[in-house]
Amino acid sequence: IRLTPILAGSAGQGKTSVVHQFVKQIDFEDRKEGGNGWDLRKVRLAHSDPTDIKGVPHFSQKTDGRVVSVWAAPDIFPLKGLPESADGKKWVIFLDEFTQATPVMQNIGANILDGIIGDYEIDWDRCFIVTGGNRPEAGAGAFAVLTNVRTRIVWSHVKTTFSEWETW
């Protein structure tokens, strides 16, 4: 089973900064070992439409005597069997403000956490996913995280002290 980390905390606690530092570190380590490095892509499910994630119907084809739609994959995810997807790079996908996504988009997020993008599979050799969001009790417009999502994530609560913020 694959569990995805979610950085949870109040607004302004530094969740996005933690992810930026993580990407810088793994990028440095990968390049030091001769790799091409890692880049960061932020996806806000709360600001997305289902077709932004699944893709859009590209064309129709006949399969077993019936016409079916073939979906054009979105270009943000590295996909198995498509080495040029996501510009052929390795990406950390940050599903930011996950808890502000509507239940429909959280369900799509659950598919992403399972490695499914529409009709395609995520290439885990070129992708790492981390999520972030505010806790519902923080009053930041967050929804309760759906049960099917909770079984796919591991919570990491972020709380910044004044001295940490001052140092930052």
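Our subject is the structure listed above.
Asker: Mind laying out the overall build of the protein, listing which residues take part and the relevant values?
Answerer: Helices and strands together make up the secondary structure of the protein, namely five helices and nine strands. Across the protein, helices and strands are ordered from the amino to the carboxyl terminus as β-α-β-α-β-β-β-α-β-β-β-α-β-α. Dimensions along the principal axes, computed over C-alpha positions, put the protein at roughly 65 × 40 × 25 Å. Distance from the positive charge centre (19 side chains) to the negative charge centre (21 side chains) of the protein: 3 Å.

Asker: Residue-level account of the sheet that holds strand β8 (residues 127-133), with values.
Answerer: The five strands lie next to each other as β2-β5-β8-β1-β9, forming an open sheet whose pairing is parallel. Across the chains shown, the open sheet's two edge strands, defined by having one partner strand only, are β2 (38-44) and β9 (153-157). Pairwise comparison of adjacent strand axes, ignoring direction, gives a mean angle of 25° for this sheet. Helix α3 (residues 103-113) rests against β1 (4-8), β5 (90-96), β8 and β9 of the sheet, and its axis sits at about 150° to β8.

Asker: Describe the pairing of strand β3 (residues 56-63), listing the residues and the values that go with them.
Answerer: One face of the sheet, then the other: side chains in a regular strand alternate in exactly this way. As paired elements, β3 and strand β4 (residues 66-72) share seven bridges and run antiparallel to each other. Each bridged residue has a counterpart across the sheet, and for T63 the counterpart in β4 is R66. Remark: two residues form the turn of the hairpin made by β3 and β4, two consecutive strands paired antiparallel; D64 in that turn has positive phi of roughly 55°.

Asker: Describe the environment of F128, listing the residues and the values that go with them.
Answerer: With respect to the element layout, F128 can be found in strand β8. Judged by relative accessible area, F128 falls into the partly exposed class, the value being 31%. Separated by 67 residues in sequence, F128 and Q61 have C-alpha atoms that sit 33 Å apart. Residues contacting F128, with those up to four places away along its chain left out, are P5, F22, W38, W91, V92 and I93.

Asker: Could you give me a rundown of the pattern of salt bridges, with the residues and numbers involved?
Answerer: Tallied over the entire structure, the rule returns nine salt bridges. In this structure, the salt-bridge partner of K89 is D39, at a minimum N-O distance of 3.6 Å. Here K89 is found in the loop between β4 and β5, whereas its partner D39 is found in strand β2, with 50 residues between them in sequence. Exposure remark for K89: the relative accessible area of 37% places this residue in the partly exposed category. In this structure, R126 and D123 form a salt bridge, with 3.1 Å as the shortest nitrogen-oxygen distance.

Criteria and thresholds
Residues numbered from 1 in each chain as written. Predicted model: local features only at pLDDT ≥ 70, side-chain atom pairs only at ≥ 80, totals over all residues. Heavy atoms only, no water. Helix = DSSP H or I, 4+ residues; strand = E, 2+ residues; numbered from the N terminus. Lys, Arg positive; Asp, Glu negative; His and termini not counted. Charge placed at Lys NZ, Arg CZ, Asp CG, Glu CD. Pairing = 2+ DSSP bridges. Axes fitted to C-alpha atoms, helices over the stretch in contact; angles between N-to-C directions. Contact = heavy atoms within 4.5 Å. Buried < 20%, exposed > 50% of the residue type's maximum accessible area, 1.4 Å probe, protein only. Salt bridge = Lys/Arg side-chain N within 4 Å of Asp/Glu carboxyl O.

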